[in-house]
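Spelled out, the chains give:
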Amino acid sequence: MAERMSNREGLRGMANPSRYGLERVAYWLQRLSGLGLLAYLIGHIYETSSIVNGKVAWDKMLELTQTTQGHLILTLVIGMCVFHTANGIRVMLGHGGVGVGKPGQPEYPYDKSQRSATGSLNYKQRLCIWVSIALAALAMMYGMAVLFGD
Amino acid sequence: MAVETISKTPEVSVPVSSDFIILRISRFNSETDSSPTFAEFKVPVQKWTTVLEAILFVKQNLDHSVAVRYSCRQASCGSCGMQINGKPSLACYTKISELNSNIVTVEPMHNFPIIRDLAVDFKQMFATHKKMKPYIIRKDSEITSGTKEFLQTPEDVEKYLQFSYCIKCGLCNSSCPTMATDTSFIGPQGLAQAYRYVVDNRDDGKKERLKIIDQSHGIWRCHFAGSCSHVCPKGVDPAMAIQLLRGYLLGFRK
């Protein structure tokens, strides 16, 4: 018999935030911001390592961060950092069973409303996700004001 | 993905009040095909027609070779789980009228091997379910103990009741982002069942079960995306079960 097709969604399915509500969007943003911060960390190590090549090389590298593109990247890093931290705290608490609701008897027609009211898809979780997004947006605005301001 | 279109109107009498939809069915035979294709059928529907009924209409009148697994037709057996317009759902529990679309696409559930067309292989999920020891573990029994039954308060029952509603349809595993990439992950179905027995105060197998799930492809691979709870057709909340279960391993719960 031929080998059965596994039909696993793979990375594309994992990274698709569009089908399962706000929680899946937060999951996607958490991964995206984590990867972004990792890329920034690698870039940051490369940038600061230029100091071993002398002051001229260091100053040249610093100039890169003083450009408009450099400021935009730093603004994005600020947003990713704040969202990743705030949402990460929500997820860490949830992993310990904090704020994920209390088991109850499901009622017909078993729609999502009960899980949204008392279950793990509850309003506290959603509120925390929105707060994380709002904090990231605020931090980015402040960052832009500092970086692009006079 | 190739599309094979069958546009002939069904040669059967259909109620005058019927609307027609295009039902796109994913076709794949692991013995002859290298990748799935879509076949399109024009199907008469009424406001109460379910997706399963539409598929069965195709089987009966247009193409009997469409492979689909079903049994109870009332969301009790968990046989007819599939991707309906991109979302994992039970075909017997999804009305065409709820989908608000004249084109309905049905595909086999993701993260399960395809047997043929819409039928997928549940072997791994059932094996994982069995691995969770889905039964009460204790040394004595109703017969050997002093009492004839193990009494529980309504509060005791409520702790696990919703997780015993699981019909093993596999929709939660199909929507899980970890299952999408990790072939050895226990999955939300198995983990929720582990919680169902761990929290049952008649059970003494907590340590055994926690040991089974405390492994590299076990409970720690869940990242609380909540998609499993989003799609469950029976009101089970696997995401909650997994986080509460993790509380035992982290020492937040006794």
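Scroll up to find the structure.
Residues numbered from 1 in each chain as written. Chains lettered and ligands numbered in written order. Predicted model: local features only at pLDDT ≥ 70, side-chain atom pairs only at ≥ 80, totals over all residues. Heavy atoms only, no water.

Draft legend 1. Seen up close, the overall build of chain A. Check the secondary structure of chain A and you find six helices and zero strands. Ordering the α and β elements of chain A from the N terminus gives α-α-α-α-α-α. The dimensions of chain A, computed from C-alpha atoms along their principal axes, are 70 × 55 × 25 Å. At a minimum sequence separation of 6, the contacts of chain A that also span at least 24 residues come to 58%. Roughly 9,100 Å² of accessible area belongs to chain A as shown, and the carbon and sulfur atoms make up 70% of that amount. One finds the centroid of the 14 positive side-chain charges in chain A at a distance of 10 Å from the centroid of its 9 negative side-chain charges. (Helix = DSSP H or I, 4+ residues; strand = E, 2+ residues; numbered from the N terminus. Contact = heavy atoms within 4.5 Å. Areas by Shrake-Rupley, 256 points an atom, 1.4 Å probe, with all protein chains shown as cover. Lys, Arg positive; Asp, Glu negative; His and termini not counted. Charge placed at Lys NZ, Arg CZ, Asp CG, Glu CD.)

Draft legend 2. Looking closely at a nonpolar patch on the surface. Taken together, the side chains of Leu35, Leu38, Leu41, Ile42 and Ile45 of chain A define a hydrophobic patch exposed on the protein surface, amounting to about 500 Å² of accessible area. When its relative accessible area of 46% is taken as the criterion, leucine 41 of chain A is described as partly exposed. (Patch = residues over 30% accessible without salt bridge, like charges linked within 9 Å, V, L, I, M, F, W, Y side chains within 5 Å. Salt bridge = Lys/Arg side-chain N within 4 Å of Asp/Glu carboxyl O. Buried < 20%, exposed > 50% of the residue type's maximum accessible area, 1.4 Å probe, protein only.)

Draft legend 3. The arrangement of the interface of chain B and chain A in detail. The interface of chain B with chain A comprises 56 residues on the first partner and 42 residues on the second. Among the residues of chain B in contact with chain A, Phe224, His230 and Met240 of chain B are the three that bury the most area, contributing 16% of the side total. At the junction of chain B with chain A, the criterion picks out zero salt bridges. Where chain B touches chain A, the interface holds 16 residue pairs in polar contact (both at pLDDT 80 or more). At the level of elements, β5 (87–90), β7 (114–116), α3 (154–161), α4 (171–175), α7 (227–231) and α8 (238–250) of chain B are the ones that each hand at least two residues to the side of chain B that touches chain A. Broken down by element, the residue count for the side of chain B that touches chain A peaks at seven residues, all from α8 of chain B. Here the side of chain B that touches chain A is composed, by residue class, of 29 nonpolar, 18 polar and nine charged. (Buried area = accessible area lost by both parts, 1.4 Å probe. Polar contact = N/O pair within 3.5 Å; in protein donor to acceptor, adjacent residues only side chain to side chain. Nonpolar A, V, L, I, M, F, W, Y, C, P; charged D, E, K, R; others polar.)

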